[in-house]
Amino acid sequence: MNANTKTRTIAKDVSRDAVDTFSRATMIAMGGVSGLVGLWAVACFANALLNGPAELVRGFVTALTGI
């Protein structure tokens, strides 16, 4: 009976390790994509500041109205 229990525990640990590895890889991928989105946002904000606040407001109003 003890040997049976140990075998089942080992099988569960192997399965859990596979899930943990997949979860870790998924978290790394999501972190990388989030980092790229953040860099894109910083680049857009820097470009808006370089063009000036008036141009930023004009572009925002144009985007809202479509004119």
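The following paragraphs examine the structure supplied in this document.

Rules used in this analysis
- Residues numbered from 1 in each chain as written.
- Predicted model: local features only at pLDDT ≥ 70, side-chain atom pairs only at ≥ 80, totals over all residues.
- Heavy atoms only, no water.
- Helix = DSSP H or I, 4+ residues; strand = E, 2+ residues; numbered from the N terminus.
- Buried < 20%, exposed > 50% of the residue type's maximum accessible area, 1.4 Å probe, protein only.
- Expected span 1.5 Å × (residues − 1).
- Salt bridge = Lys/Arg side-chain N within 4 Å of Asp/Glu carboxyl O.

Regarding the overall build of the protein chain
Scanning the protein chain for helices and strands turns up 2 helices and 0 strands. Each of the 67 residues in the protein chain was classed as buried or not, and the buried ones make up 3%.

Brief notes about helix 2 (residues 53-65)
Each turn of an α-helix holds 3.6 residues, which means side chains three or four residues apart point in the same direction. For helix 2, built from 13 residues, the straight-helix expectation of 18 Å at 1.5 Å per residue is met to within 8% by its first-to-last C-alpha distance of 18 Å. In terms of burial, helix 2 is largely open, as just 0 of its 13 residues are buried. A positive phi of about 80° marks glycine 66, the residue just after helix 2.

With respect to the pattern of salt bridges
Charged atoms that come close allow side chains of opposite charge to pair. Taken as a whole and assessed by the stated rule, the structure comprises 1 salt bridge. Between glutamate 55 and arginine 58 there is a salt bridge, and its shortest N-O distance comes to 2.8 Å. Of this pair, glutamate 55 and arginine 58 are both found in helix 2, 3 residues apart, which corresponds to roughly one turn of the helix. Overall, the relative accessible area of 36% leaves glutamate 55 in the partly exposed class.

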